[in-house]
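# Examination of the molecular architecture
The residues making up each chain are set out below.
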Amino acid sequence: MTAAGFHNRSLISLDSAPSHDIVTLPDFRNLGVLLRILVIAEAANLVTLAAHSPDVIEALKGVGAVALPFELSLLAIVLLLFVLSPLLARIPYRRGVGVVVALAAAAAGGLDVAFHAWTGAIPWGAALKSAGIAGLLAALILGYFNWRQRVLSPALAKARLMALQSRIRPHFLFNSLNTAVSLVRQDPRLAEQVLLDMSDLFRALLKDSRSLVPLADEIRLAEAYLQIEQLRLGERLRVHWDRDGAPVSVNVPILVLQPLLENAVRYGVEPFATGGDVHVSIRAEASELVIEVTNSVCGGDSPIPSGNRIALANIEERLGLYFDAEGTLHVSTRDMQFVVKVCVPLRGARTVGKVA
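Residues numbered from 1 in each chain as written. Predicted model: local features only at pLDDT ≥ 70, side-chain atom pairs only at ≥ 80, totals over all residues. Heavy atoms only, no water.

## Quick word on the overall build of the chain
If you tally the helices and strands in the chain, you get nine helices and seven strands. For the chain, buried positions account for 45% of its 356 residues. In the form shown here, the chain has an accessible surface area of approximately 17,500 Å², with 64% of it arising from carbon and sulfur atoms. (Helix = DSSP H or I, 4+ residues; strand = E, 2+ residues; numbered from the N terminus. Buried < 20%, exposed > 50% of the residue type's maximum accessible area, 1.4 Å probe, protein only. Areas by Shrake-Rupley, 256 points an atom, 1.4 Å probe, with all protein chains shown as cover.)

## Overview of the sheet that holds strand E2 (residues 237-242)
As summarised here, the arrangement of the five strands in space is E2-E4-E5-E7-E6, forming an open sheet in which the pairing is mixed. Edge positions in the open sheet fall to E2 and strand E6 (328-334), since each of these has one partner strand only. Neighbour to neighbour, the strand axes of the sheet diverge by 15° on average, direction disregarded. Here E2 runs beside strand E4 (residues 276-285); their pairing, made up of six bridges, is parallel. (Pairing = 2+ DSSP bridges. Axes fitted to C-alpha atoms, helices over the stretch in contact; angles between N-to-C directions.)

## Observations concerning the packing of helix H7 (residues 215-233) against helix H8 (residues 257-268)
At a minimum axis distance of 8 Å, the contact between H7 and H8 shows a crossing angle of 20°. Considering the angle they form, H7 stands roughly parallel to H8. In terms of crossing hand, the pair formed by H7 and H8 is right-handed. Judged by residue contacts, Glu-218, Ile-219, Ala-222, Tyr-225, Leu-226, Glu-229 and Leu-233 of H7 engage Leu-257, Gln-258, Leu-261, Glu-262 and Val-265 from H8. Taken together, the residues that form the contact of H7 with H8 break down as eight nonpolar, one polar and three charged. (Parallel < 35°, antiparallel > 145°, perpendicular 65-115°, else oblique. Left-handed = near helix turned anticlockwise from the far one by under 90°. Contact = heavy atoms within 4.5 Å. Nonpolar A, V, L, I, M, F, W, Y, C, P; charged D, E, K, R; others polar.)

## Looking at the nonpolar core
By size, the foremost hydrophobic cluster in this structure holds 48 residues, and its most contacted members are Leu-257, Leu-261, Ile-282 and Leu-289. In terms of residues, this core owes the most to one element, H7, which gives eight residues. Setting aside residues up to four positions removed in sequence, Leu-261 forms contacts with Ala-222, Tyr-225, Leu-226, Val-278, Val-280 and Val-293. Core analysis: the next-biggest nonpolar cluster, separate from the first, contains 22 residues, Ile-37, Leu-74, Val-100 and Ala-104 among them. (Core = buried A, V, L, I, M, F, W, Y, C linked by side-chain atoms within 4.5 Å.)

## Considerations on the packing of aromatic side chains
Tallied over the entire structure, the rule returns three aromatic pairs. Plain terms: the ring middles of Tyr-144 and Phe-145 are 5.1 Å apart, the flat faces sit at 65° to each other, and that makes the pair edge-to-face. Overall, the relative accessible area of 5% leaves Phe-145 in the buried class. Taken together, a centroid distance of 6.1 Å and an interplanar angle of 35° make the contact between Tyr-144 and Trp-147 tilted. With Tyr-144 and Trp-147 both in helix H4 (residues 124-167) and three residues apart, the pair spans about one turn of that helix. Classification of Tyr-144 as partly exposed rests on a relative accessible area of 26%. Ring-pair connections join several aromatic residues into one group, and the members of that group are Tyr-144, Phe-145 and Trp-147. The ring of Phe-82 has Arg-29 sitting right over it, with the charged end atom 5.0 Å from the ring centre. In this structure, Arg-243 packs its charged tip against the face of Trp-241, placed 4.5 Å from the ring centre. (Phe/Tyr/Trp six-rings, centres within 6.5 Å; stacked < 30°, edge-to-face > 60°. Lys NZ or Arg CZ within 6 Å of the ring centre and 35° of its normal.)

## Points about the environment of Thr-333
One can find Thr-333 in strand E6. For Thr-333 and Thr-294, which are 39 residues apart along the polypeptide, the C-alpha to C-alpha distance reads 9.2 Å.

## A few points about a nonpolar patch on the surface
A contiguous nonpolar surface patch, about 230 Å² in accessible area, is contributed by Leu-72, Leu-111 and Phe-115. When you line up the elements, Leu-111 lands in helix H3 (residues 93-117). On the basis of relative accessibility, which here comes to 31%, the residue Leu-111 falls in the partly exposed class. (Patch = residues over 30% accessible without salt bridge, like charges linked within 9 Å, V, L, I, M, F, W, Y side chains within 5 Å. Salt bridge = Lys/Arg side-chain N within 4 Å of Asp/Glu carboxyl O.)

So yeah, pure geometry; function would need other evidence.
See below:
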């Protein structure tokens, strides 16, 4: 490989993205967020009925009496928030809280009026009571998400610190430096490019832990890593990309792709005298971004190396922190191939820095 083998580019500006330390409204289209809203609301309803009933039997009877209007109001509010989620995401947090509380109150009060209108008389006092309870419950749920987001921010920082500690592996650092040293006299320009690629990797490691980056940046970072390894391993490393039509503008957690490739190289290429093949597939499937990395293994029933478990567990933890139940990582072994599949919601991934 010559210097022309590297694509000309400026350093990836991975440290230029703003920090997202402020609290934001939850993503009301996230499956985990919707499930939490339903569970909290139902639990609050049961607690309220139990507190106003003399015994359990009366409380259960009360559930049946208020079930229809309560469930209709709850579903209407959740549906309204789901539809308006993109608009709510653009509103400043404090104003957004007020809008969500007002929407919940208006929906509950309006449905109460419509529900009782069939009976003829409209109890405006009951409608105002329903609106007040719905608004208060919405405020409490938003308070929970506010608390959860503040708690998860340190968790993200801790996860990133663990990633940093596991990513800076001495073998990769020393091998890369040895590669650069061996090229200093033979091809100074190529040696300089190796060092620049290394600087990109380490700048990415030190980037803000709570921000997302465009998929295009993750791909460039992965290419920089693979070019360093290609110089060291030569024809033993065979990388096959399948990324036609990949949604490169979608935002993903930083260092999702490169650690998967490093594991594939370390455990699927380096141990074999003939090297190995690494297949990278990046595609959009329905509402998901799918990143799949495949490499050869010693045998179909071979255990996953411990190093893989550490890196994969860290990625899985960060996906959960960013995207809740909608960010997943699946590991499988098929046809003598070790496969890691990462799924990220396309919609949620477009909101930079938001914790679900």
